[in-house]
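# Structural description and commentary
The primary structure of each chain is shown beneath.
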Amino acid sequence: MGYSESRLSAKARPAASPVNAALHLHVQRLPLNWTQEVAGDNPAARESWRQARNELDPLLKEQPENKNLIGDLALINMALGDKATALALAERAMTTNPIEKDAIDGPNLLEIFARVAARTSEPDRAIAALQKLLSIPYSGAITTPLTPALLRLDPMFDPLRNDPRFQKLAESPAPK
């Protein structure tokens, strides 16, 4: 998945407090959640996502500006089908750390927004975000940076597969 301790704020890196220990455990568990979902083990995936949300929601009260925590909660709520909360959190993460102010993490938060928008029936917003991401260099929020090839393979973008705009992006030449 590409999740690592670097996704946590500097304050959260050491697992010395209950908050930091919960964040550390969460980062290790996210790949399991995605694997369960992709493998089709929906009951186990749903339970894993619920558990992750129950652990991280309280942490957001303690770290309300932690952009990575906000982004993770957006993805978790997306996986649980809570469209309104997922979109609100993804937008909040982008607002907290826009591309214009942070060329490193800003695009990663835009990628999270694109993923949430794609999975929550917001194709116009997802495609606009993807167009922006494919035009700039960045490190990648979940794995590596999105490329046309990854768009063709990543199951998170399955809801966009029949959209001609998405097809055009997925077939475009890789950025140089």
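In what follows, the structure referred to is the one given above.
Residues numbered from 1 in each chain as written. Predicted model: local features only at pLDDT ≥ 70, side-chain atom pairs only at ≥ 80, totals over all residues. Heavy atoms only, no water.

Let us look at the overall build of the chain. Regarding its fold elements, the chain presents eight helices and zero strands. Starting at the N terminus, the α and β elements of the chain follow one another as α-α-α-α-α-α-α-α. The long-range share in the chain, meaning contacts at least 24 apart out of those at least 6 apart in sequence, stands at 56%. As presented, the chain carries roughly 8,600 Å² of accessible surface, and 57% of it is formed by carbon and sulfur atoms. (Helix = DSSP H or I, 4+ residues; strand = E, 2+ residues; numbered from the N terminus. Contact = heavy atoms within 4.5 Å. Areas by Shrake-Rupley, 256 points an atom, 1.4 Å probe, with all protein chains shown as cover.)

Right, let's get into the environment of Met-156. Residue position: Met-156 is located in the loop between helix H7 (148-153) and helix H8 (164-171). Here Met-156 falls in the buried class, since its relative accessible area comes to 5%. With 118 residues separating them along the chain, Met-156 and Val-38 place their C-alpha atoms 9.4 Å apart. Setting aside anything within four residues of it in sequence, one finds Met-156 in contact with Trp-34, Met-78, Arg-115, Ala-118, Arg-119 and Ile-142. (Buried < 20%, exposed > 50% of the residue type's maximum accessible area, 1.4 Å probe, protein only.)

Further remarks concern the side chain of Asp-163. Position of Asp-163 relative to the elements: it lies in the loop between H7 and H8. Looking at Asp-163, the relative accessible area reads 14%, which means it is buried. With near-sequence residues (within four places) excluded, Asp-163 lies in contact with Pro-123 and Ile-127.

Inspection of the entire model under this criterion finds one aromatic pair. Centroid distance Phe-157 to Phe-166: 6.2 Å. Interplanar angle 25 degrees. Geometry classified as stacked. Here Phe-157 falls in the buried class, since its relative accessible area comes to 0%. (Phe/Tyr/Trp six-rings, centres within 6.5 Å; stacked < 30°, edge-to-face > 60°.)

A word on the nonpolar core. Judged by nonpolar contacts, the single largest core of 46 residues is most densely connected at Val-116, Leu-130 and Leu-151. Those elements that place two or more of their residues in this core are helix H1 (18-38), helix H2 (42-62), helix H3 (67-79), helix H4 (83-96), helix H5 (106-119), helix H6 (123-134) and H8. (Core = buried A, V, L, I, M, F, W, Y, C linked by side-chain atoms within 4.5 Å.)

On inspection of all chains with the given rule, the structure shows 10 salt bridges. Taking the shortest distance from any N to any O, the salt bridge between Asp-158 and Arg-161 comes out at 2.9 Å. A residue is classified by how much of its surface remains accessible, and Arg-161, at 22% relative accessible area, is partly exposed. The shortest N-O distance in the salt bridge between Arg-165 and Asp-163 comes to 2.7 Å. Overall, the relative accessible area of 36% leaves Arg-165 in the partly exposed class. One continuous salt-bridge network, built from bridges that share partners, spans Glu-111, Arg-115 and Asp-154. (Salt bridge = Lys/Arg side-chain N within 4 Å of Asp/Glu carboxyl O.)

Another point: the environment of Arg-165. Looking at the element boundaries, Arg-165 is found in helix H8. Those residues in contact with Arg-165, other than ones at most four positions away along the chain, are Pro-123, Asp-124 and Ile-127. A distance of 2.8 Å separates the side chain of Arg-165 from the side chain of Asp-124, its partner in a polar contact. Polar contacts involving the side chain of Arg-165 include one to the side chain of Asp-163, which spans 2.7 Å. (Polar contact = N/O pair within 3.5 Å; in protein donor to acceptor, adjacent residues only side chain to side chain.)

Burial in H8 covers these residues: Phe-166, Leu-169 and Ala-170. On an axial view of H8, the arc spanned by its buried residues comes to 95 degrees, and they lie on one face. Seen from the buried face of H8, the exposed residues on the opposite side, beyond 90 degrees, are Pro-164, Lys-168 and Glu-171. (Arc of directions from axis to C-beta.)

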